[in-house]
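Spelled out, the chains give:
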There are 2 protein chains.
Amino acid sequence: MDAPPHWLDPEQKVAWDNFIRMQETLIGRLSRRVQTDSGMSASDYIVLASLTERGGGRMRLLDLAKSVEWEKSRMSHQVTRMAKRGLVAREECPDDGRGAFIVATPAGCTAIEEAAPQHVEHVRRLFIEALTPHQLSTLGRLSKRVLDHMERLPD
Amino acid sequence: MDAPPHWLDPEQKVAWDNFIRMQETLIGRLSRRVQTDSGMSASDYIVLASLTERGGGRMRLLDLAKSVEWEKSRMSHQVTRMAKRGLVAREECPDDGRGAFIVATPAGCTAIEEAAPQHVEHVRRLFIEALTPHQLSTLGRLSKRVLDHMERLPD
DNA sequence: CTGGAGTAGATGAGGTGTCAACGATTTCGT
DNA sequence: ACGAAATCGTTGACACCTCATCTACTCCAG
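Residue positions are counted from 1 within each chain, in the order its sequence is given. Labels are handed out in written order, letters beginning with A for the chains and numbers beginning with 1 for the ligands. Residue-level local features of this predicted model are given only where pLDDT is at least 70; pairs of side-chain atoms are given and counted only at 80 or more, and the full residue set underlies all totals for whole chains, interfaces and linings. In computing side-chain properties, one takes all heavy atoms of the structure into account and sets aside hydrogens as well as water.

Participant: Which parts of the structure should I look at to understand the relation of the copies chain A and chain B?
Facilitator: Superposing the two chain copies requires a rotation about an axis and a translation along that axis. For this overlay, a least-squares fit was computed on C-alpha atoms, restricted to residues scoring pLDDT of at least 70 in both copies. Least-squares fitting of chain A to chain B yields an RMSD of 0.1 Å, with the transformation described by 0.0 Å of translation along the axis and a rotation of 180 degrees. When the rotation and shift are considered jointly, the pair of chain copies conforms to a two-fold rotation axis. For chain A, the smallest separation between a C-alpha atom and the rotation axis is recorded for leucine 139 of chain A, amounting to 3.2 Å.

Participant: Which parts of the structure should I look at to understand the layout of surface pockets?
Facilitator: A water-sized probe, rolled over the atoms, reveals where empty space remains. As defined here, a cavity is a set of points on a 1 Å grid over the protein atoms alone where a 1.4 Å probe fits but cannot get out. A pocket is an open set with protein on both sides within 12 Å along at least five of seven lines, and residues line them when an atom is within 4 Å of a point. Grid points are joined across faces, edges and corners, and a volume is the space filled by probe spheres set on the points. The space that makes up the second largest pocket amounts to roughly 170 Å³. Any residue outside Ala, Val, Leu, Ile, Met, Phe, Trp, Tyr, Cys, Pro, Asp, Glu, Lys and Arg is labelled polar, Gly included; the first ten of those are nonpolar and the last four are charged. In terms of residue class, the lining of the second largest pocket is built from 3 nonpolar, 1 polar and 3 charged.

Participant: How should the protein's contact with DNA strand D be read in this particular structure?
Facilitator: In the vicinity of DNA strand D, 25 residues are found, and the nearest of them are Ser41 and Arg85 of chain A together with His77, Arg90 and Arg98 of chain B. One of the backbone nitrogen or oxygen atoms of glycine 97 of chain A is found 3.0 Å away from a phosphate oxygen of DNA strand D. Here a strand is any run of E in DSSP of at least two residues, a helix any run of H or I of at least four, and the numbering for each starts at the N terminus. Listing elements by their share of the surface near DNA strand D, those giving two or more residues are helix H4 (72–84) of chain A together with helix H3 (61–67) and helix H4 (72–84) of chain B. Ranked by the residues each element gives to the surface near DNA strand D, the list is headed by H4 of chain A, at 5 residues. Considered class by class, the residues forming the surface near DNA strand D number 3 nonpolar, 10 polar and 12 charged. Definition of nearness: a residue and a molecule or strand are near each other if at least one heavy atom of the residue lies within 4 Å of the molecule or strand. Contacts described as polar in this section are N or O atom pairs within 3.5 Å, which, within protein, must combine one atom able to donate a hydrogen with one able to accept it, while residues neighboring in sequence count only if both atoms come from side chains.

Participant: Please explain the protein's contact with DNA strand C as it appears in this structure.
Facilitator: Near DNA strand C you find 25 residues, and of these Ser76, His77, Arg90 and Arg98 of chain A together with Arg85 of chain B are the closest. In DNA strand C, the atoms that sit within 4 Å of the protein are 62% sugar and phosphate, with bases accounting for the remainder. Histidine 77 of chain A is positioned with one of its side-chain polar atoms (N or O) 2.7 Å from a base oxygen of DNA strand C. Contributions of two or more residues to the surface near DNA strand C are made by helix H3 (61–67) and H4 of chain A together with H4 of chain B. Among the elements that make up the surface near DNA strand C, the one with the highest residue count is H4 of chain B (5 residues). For the surface near DNA strand C, the class distribution of residues is 3 nonpolar, 10 polar and 12 charged.

Participant: Quick question: what am I supposed to make of unusual backbone geometry here?
Facilitator: Leaving glycine aside, a negative phi is the common case for residues, and trans is the common case for peptide bonds. Here glutamate 69 of chain A, not a glycine, exhibits a phi torsion of approximately 60 degrees, which is positive. Residue placement: glutamate 69 of chain A occurs in the loop between H3 and H4.

Participant: It is not clear to me how the sheet that holds strand E2 (residues 88–92) of chain B should be interpreted in this structure. Could you clarify?
Facilitator: Each strand in a sheet pairs with another by means of backbone hydrogen bonds, the pair being arranged parallel or else antiparallel. All names here are of chain B. Two strands qualify as a pair provided DSSP detects at least 2 bridges between them. Pairing is antiparallel in the open sheet, where 3 strands are placed in the order E1-E3-E2. Edge positions in the sheet fall to strand E1 (58–60) and E2, since each has one partner strand and no second. If you compare each strand with its neighbour and ignore which way they point, the axes differ by 30 degrees on average. Pairing analysis gives 5 bridges linking E2 to strand E3 (residues 100–104), with the strands arranged antiparallel. Pairing of valine 88 across the sheet is with alanine 104, part of E3. Note on geometry: axes are lines fitted to C-alpha atoms, helical ones only across the stretch in contact, with angles between N-to-C directions running from 0 to 180 degrees.

Participant: Would you mind going over empty space enclosed by the protein with me for this structure?
Facilitator: The tally for this structure, following the rule as stated, stands at 2 cavities of 30 Å³ or more. Of the pockets and cavities examined, the largest cavity occupies roughly 50 Å³. Taken together, Arg33, Val34, Asp37, Ser38, Tyr45, Ala115, Gln118, His119 and His122 of chain A make up the full set of residues lining the largest cavity. Class assignment of the residues belonging to the lining of the largest cavity gives a composition of 3 nonpolar, 4 polar and 2 charged. If you add up the space inside the second largest cavity, you get close to 30 Å³. Lining the second largest cavity, in full, are Val34, Asp37, Ser38, Tyr45, Ala115, Gln118, His119 and His122 of chain B. Residue assignment for the lining of the second largest cavity shows that the elements contributing at least two residues are helix H1 (10–38) and helix H5 (106–126) of chain B. Sorting elements by how many residues they give to the lining of the second largest cavity places H5 of chain B first, with 4 residues. In terms of residue class, the lining of the second largest cavity is built from 3 nonpolar, 4 polar and 1 charged.

Participant: Just checking my understanding: could you explain the packing of helix H6 (residues 133–152) of chain A against H1 of chain B for this structure?
Facilitator: A pair of packed helices is characterised by two quantities: the angle between their axes and the separation of those axes. One can describe the packing of H6 of chain A onto H1 of chain B by two numbers: an axis separation of 8 Å at closest approach and a directional angle of 40 degrees. If you check the angle between H6 of chain A and H1 of chain B, you find them oblique. Considering the relative orientation of H6 of chain A and H1 of chain B, their crossing is left-handed. Residues Leu136, Gly140, Ser143, Lys144, Val146, Leu147, Met150 and Glu151 of chain A of H6 of chain A lie in contact with H1 of chain B, whose contacting residues are Gln12, Ala15, Asn18, Phe19, Arg21, Met22, Thr25, Leu26 and Arg29 of chain B. Of the residues contributing to the contact of H6 of chain A with H1 of chain B, the split by class is 8 nonpolar, 5 polar and 4 charged. Any angle that falls under 35 degrees is termed roughly parallel, while one over 145 is termed roughly antiparallel, one within 65 to 115 roughly perpendicular, and all others oblique. Crossing chirality is assigned from the near helix's rotation relative to the far helix, an anticlockwise turn below a right angle marking it left-handed and a clockwise turn marking it right-handed. The contact definition used throughout considers only heavy atoms, calling two residues in contact when any of these lie within 4.5 Å.

Participant: Is there a simple way to think about the pattern of salt bridges in this case?
Facilitator: Side chains that carry opposite charge are capable of pairing whenever their charged atoms lie near each other. Any carboxyl oxygen of Asp or Glu within 4 Å of a side-chain nitrogen of Lys or Arg constitutes a salt bridge here. A full pass over the atoms with the stated rule returns 20 salt bridges over all chains. Between arginine 98 of chain A and aspartate 96 of chain A there is a salt bridge whose closest N-O contact spans 2.8 Å. Aspartate 37 of chain B is the partner of arginine 33 of chain B in a salt bridge, and the nearest nitrogen-oxygen pair spans 3.1 Å. Residue arginine 33 of chain B and its partner aspartate 37 of chain B are located together in helix H1, separated by 4 residues, close to a single helical turn. The structure contains a network of salt bridges with shared partners spanning Arg21 of chain A together with Glu69 and Glu151 of chain B.

If you want it as structure tokens, here you go:
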């Protein structure tokens, strides 16, 4: 017996609500910021950041998708839009006739190089500086714990 | 002098990355779950939940928007879509000629009543159970702290 | 070397979010 | 009472995400 209760108890609910509100507010403000500061969308930023940091400005589409944990179709659409805006370009892949290399254009490189320090500054201002170093590392540790827990669960 | 460094130090970066990954994974899994369990989108769920819990199934559009911290236009579009699906309906507001009441239809009430326990169950499984009660309350407290910090900042 | 299974990626449809502009009231100062 | 300003809500354009489906290529067993 002892089915799990159908609702969260008050303390759990408070914790959950605070987490959700914080997370939404934070992500919302950060992405609006990237948008107004750089003219890029948050997605553009993430893609360019991963492409230049991890891939040296040139990556296979599927690797790029994995590096930011996106579905391939999402990445494909995003790359199409970014190509239209001149931030990246598609190149054929000599080794694999199906494949495509995604490369950051000079404009894309410039854009990310200008946007990155500002973005980091906002992360610092909104998030990092809200907490003591000890609190920050606690929050990081608890996040990792939830992450590991989820990865053990089906779905 | 002493300009803030342009990058996060390694410990800050680890904490930030873990937080971001956790939050994205969690929200993603929860909304996919609501979708497949109930056929509603995560937005449908939030709107119906707030409408029935806080408003007794009948609320002004702008109040509804504020209750979930959405922009009015987002809510207006969402209500249009939900009306098309028969989850809510618009009613004229006698007191205020500009206004609109949003009401949950019987179908909407049924839908949220069926979806809510399942959703809570997933929150519990993915998030609550990852942590001890003490850790959970810590995470809630730190979230609140970040939230308060952000509310003090412009933008 | 050939046929089937798996992989890389593109694409179309439909739901969703944002921004800016708008129409329709209500409210308020004078 | 009257006009300006604020408020309530809608709309259109556009960017974005997901899902299912499709093509084209690679790989491998026989």
